[in-house]
Amino acid sequence: MAISHEAPVAPGGAHAQVADYLRRHEGKSLLRFITCGSVDDGKSTLIGRLLHDTRLLLDDQVSALESDSKRFGTQNGEIDFALLVDGLAAEREQGITIDVAYRFFDTDKRKFIVADCPGHEQYTRNMATGASTAELAVMLVDARKGLLTQTRRHSYIVSLLGIRHVLLAVNKMDLVDYDETVFNDIVAGYRELAATLGIPHVTCIPLSALKGDNMLQRSAAMPWYTGETLLQHLETVRIERSGANGSLGFRMPVQWVCRPDQDFRGFAGTIAAGAIAPGDEIAVLPSGQRSRIARIVTAGGDLPRAAAGQAVTLTLADEIDASRGDVLAAAASPPEIADQFAAHLLWLGEQPLLPGRPYWLRIGTRTVGAQVTEIKHKVDVNTQEELAAKHLVLNEVAYCNLYLDQPVPFEAYADNHELGAFILIDRQSNATVAAGTLAFALRRAGNIHWQHLEVNKAARAQIKHQTPRCLWFTGLSGSGKSTIANLVEKKLLALGRHTYLLDGDNVRHGLNKDLGFTAEDRVENIRRVAEVARLMVDAGLIVLVSFISPFRAERRMARELFGEGEFLEVFVDTPLEVAEQRDVKGLYARARAGEIRNFTGIDSPYEVPERAEVTLDTTAAQPQALADRLVALLTAP
Ligand SMILES: Nc1ncnc2c1ncn2[C@@H]1O[C@H](COP(=O)(O)OS(=O)(=O)O)[C@@H](OP(=O)(O)O)[C@H]1O
Ligand SMILES: Nc1ncnc2c1ncn2[C@@H]1O[C@H](COP(=O)(O)OP(=O)(O)O)[C@@H](O)[C@H]1O
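It should be emphasised that the depicted structure is a prediction, and the values quoted were computed from it without experimental measurement. (Residues numbered from 1 in each chain as written. Chains lettered and ligands numbered in written order. Predicted model: local features only at pLDDT ≥ 70, side-chain atom pairs only at ≥ 80, totals over all residues. Heavy atoms only, no water.)

A.B. asks: Even after reading the chapter, I still don't get the sheet that holds strand β9 (residues 264–270), so can you show me in this structure?
C.D. replies: Paired through backbone hydrogen bonds, the strands of a sheet run either parallel or antiparallel to each other. Pairing is antiparallel in the open sheet, where 7 strands are placed in the order β7-β15-β11-β12-β14-β9-β8. Edge positions in the sheet fall to β7 (251–253) and β8 (256–261), since each of these pairs with one other strand and no more. On average, adjacent strands in this sheet sit at an angle of 40° to one another, irrespective of strand direction. Pairing analysis gives 4 bridges linking strand β12 (residues 289–297) to strand β14 (residues 311–316), with the strands arranged antiparallel. Paired with I293 across the strands is L316, a residue of β14. (Pairing = 2+ DSSP bridges. Helix = DSSP H or I, 4+ residues; strand = E, 2+ residues; numbered from the N terminus. Axes fitted to C-alpha atoms, helices over the stretch in contact; angles between N-to-C directions.)

Rendered as structure tokens:
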């Protein structure tokens, strides 16, 4: 077998090196694959041996090369290493550290890129990232252990991300005396699993990565196995390209708008699907404006045609507004636009996913606000059983309904990975907390419109001679929220103002009587009352909201429902000891005695406000004085 040698890559010359690599191996097809398995299943040994035996120097500088090309960014037209090998584009944009090393090697038949994800605790995230560009997964199983939870979890993710080829590598056969029945039992179990997951192509190979059995050469120790070796399979497996369904037509998310001077305006990005040529009619989504392609610009000169996978800059025949996050698409067959979806989600956050909590969602090059409105079910990765769930914890997978606060152009992940994969980002920490794929739209964005009303908030406010506001009291139970809010309402009423006081205890008797005190119920509790408060402010009222509202994320969500200056967060600042000492309702004593679970301040957190407009120290002033302060604030000219 002819084997080529790659020299170590100098960190400085990333683009040139990659271009060079591709040029030399232009004629050969490329296979991208990922290795999955538990920590000790032998992933590193397998990759190590594959690289060593194909005698290629594949060095750690590949990661240096990767960060290098990231640091220097994508130069228009130049081959970008990251574009070739990187995983979930959105993750890359998010700039988080993804511990995935991409290694190149090739034989005389094929060239390969393998995503090597280290098996530490963030493995699942890394694996999902690596798997998102892979066409085949090598699933390692230790022959002594058989199928593990990890095998099932990883296979689930592999199927979720649309990988249709799995090579089940039953490793460490030397440690089970090369026993055929051990192999056959594992294979039978895995085939069953693959069938339930809908993975169509499974090839099973017994091997010992350490000893080299069935890696490159057929093993003499397992004469009963007559199939391909690992490398033979990798070299010959035929992959139909999925996830970039060209028949859908051209799609390109705009990465950035290139405006070097007044005369030139180009839209740069990587073509996600289909092909394009000058003269083709395109639509800019979501706006729907149309134009024709004028030029396909690259550093090496204009192109007559460009197709999926190419990074290009497009200029249009007309002066059209498009910005980062928009999608350019074939005018005759544009993608759908929607804001509600059914989606699969892999939760990667340290904190649980709570339905109703706002997150950022990044899809393609676009970032919008999003909530999981409902967890339809989570999936037990061991049994594929669908289970009811109110929240998700680290590494859980689920099928959910998703609501975005703006419509986005999208495609089902099965048709287009670029426009169908997304990540969720925590709004406080900016961490990536989930990776997901869109299944289908639940409703088209265009189907529900705001009803235009002739009488508006301003008119309603004017007739009441007041500025509508939402005064949001937050603080521990017994901190003094109700006491102060009550006094404020009385004083405002005496001044002829139109008010309404929404108090947690009361609303929980009606609108929210189905909710308890788990984190997910509190999220929903606050979401509903915030919406009610918004309607009341729209009615022209001064609304006082008195809820513990213990989480920053939900207070922020409430704030974002209101206009500038309309929302005033009032932190009723009472130390836990003081609130507990007051214990107006005797609830703290009961919580301490273990009779009430999830009690705020005891065994459920209270997140102190960071940007409250007003902080009231109830240990330093009487309720009347504190209420006067607020009234003065509200009635100031
Ligand atoms: N487990 C637990 N934790 C906190 N509070 C509890 C709990 N169980 C019952 N109560 C009573 O419910 C009132 C708080 O309801 P809220 O709707 O304001 O809570 S939250 O905003 O959803 O966190 C709260 O009222 P306030 O004391 O007026 O705050 C309590 O009286
Ligand atoms: N400065 C103060 N401000 C508000 N309440 C106070 C203050 N000092 C003592 N209290 C007492 O603390 C208790 C607060 O209870 P409440 O208003 O029901 O709290 P919350 O609505 O936050 O649960 C009341 O009994 C109130 O009289």
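A.B. asks: Looking at this structure, how should I read the sheet that holds strand β24 (residues 499–503)?
C.D. replies: Here we have 5 strands laid out as an open sheet, ordered β24-β25-β23-β26-β27, and parallel in their pairing. Every interior strand has two partners, whereas the edge strands, β24 and β27 (614–617), have only one. Averaged over all pairs of adjacent strands, the angle between their axes in this sheet comes to 20°, without regard to strand direction. The pairing of strand β26 (residues 567–573) with β27 spans 4 bridges and is parallel. Bridge pairing links D573 to D617 in β27. In the packing of helix α12 (residues 481–494) onto the sheet, contacts are made with β23 (469–474), β24, β25 (542–546), β26 and β27, and the angle to β24 comes to roughly 170°. (Contact = heavy atoms within 4.5 Å.)

A.B. asks: Sorry, what's going on with the site of ligand 1 here?
C.D. replies: For ligand 1, the set of nearby residues contains 21 residues, the closest of which are S477, R508, R522, N525 and S549. One of the side-chain nitrogen or oxygen atoms of K481 is found 3.1 Å away from an oxygen atom of ligand 1. Contact between ligand 1 and I548: an oxygen atom at 2.9 Å from a main-chain N or O atom of the residue. With the chains in place, 92% of the 620 Å² that ligand 1 exposes on its own is no longer accessible. At the level of elements, α13 (504–507) and α14 (519–538) are the ones that each hand at least two residues to the shell around ligand 1. (Near = heavy atom within 4 Å. Polar contact = N/O pair within 3.5 Å; in protein donor to acceptor, adjacent residues only side chain to side chain. Areas by Shrake-Rupley, 256 points an atom, 1.4 Å probe, with all protein chains shown as cover.)

A.B. asks: Hey, could you run me through the site of ligand 2 in this one?
C.D. replies: Close contacts around ligand 2 come from 16 residues, with G478, K481, S482, T483 and A621 the closest. Within the contact set of ligand 2, a nitrogen atom lies 3.0 Å away from a backbone nitrogen or oxygen of T618. Between A621 and ligand 2, the recorded distance is 2.8 Å, taken from a backbone N or O atom to a nitrogen atom. Coverage of ligand 2 by the protein amounts to 78% of the 560 Å² it exposes when considered alone. Counting residues per element, the ones that place at least two in the shell around ligand 2 are α12 and α18 (623–635). Top contributing element to the shell around ligand 2 by residue count: α12, with 4 residues. Grouping the constituent residues of the shell around ligand 2 by class yields 6 nonpolar, 8 polar and 2 charged. (Nonpolar A, V, L, I, M, F, W, Y, C, P; charged D, E, K, R; others polar.)

A.B. asks: Even after reading the chapter, I still don't get the packing of aromatic side chains, so can you show me in this structure?
C.D. replies: In this description, a pair of aromatic rings is defined by centroid distance and the angle of the planes. Enumeration over the complete set of coordinates arrives at 9 aromatic pairs. Arranged with centres 5.7 Å apart and planes meeting at 70°, the rings of W347 and Y359 form a pair that is edge-to-face. With W347 in strand β16 (residues 336–347) and Y359 in strand β17 (residues 358–363), this pair connects stretches of sequence that are 12 residues apart. Neither W347 nor Y359 differs from the other in exposure class; each is buried. Ring centres 6.1 Å apart and planes at 15° place the aromatic pair F571 and Y606 in the stacked group. Of this pair, F571 sits in strand β26 while Y606 is found in the loop between α17 (587–592) and β27, placing the two residues 35 residues apart along the sequence. Members of the aromatic cluster, connected to one another through ring pairs, are F183, W224 and Y225. The ring of W360 carries R427 above its face, with NZ or CZ at 4.2 Å from the centroid. (Phe/Tyr/Trp six-rings, centres within 6.5 Å; stacked < 30°, edge-to-face > 60°. Buried < 20%, exposed > 50% of the residue type's maximum accessible area, 1.4 Å probe, protein only. Lys NZ or Arg CZ within 6 Å of the ring centre and 35° of its normal.)

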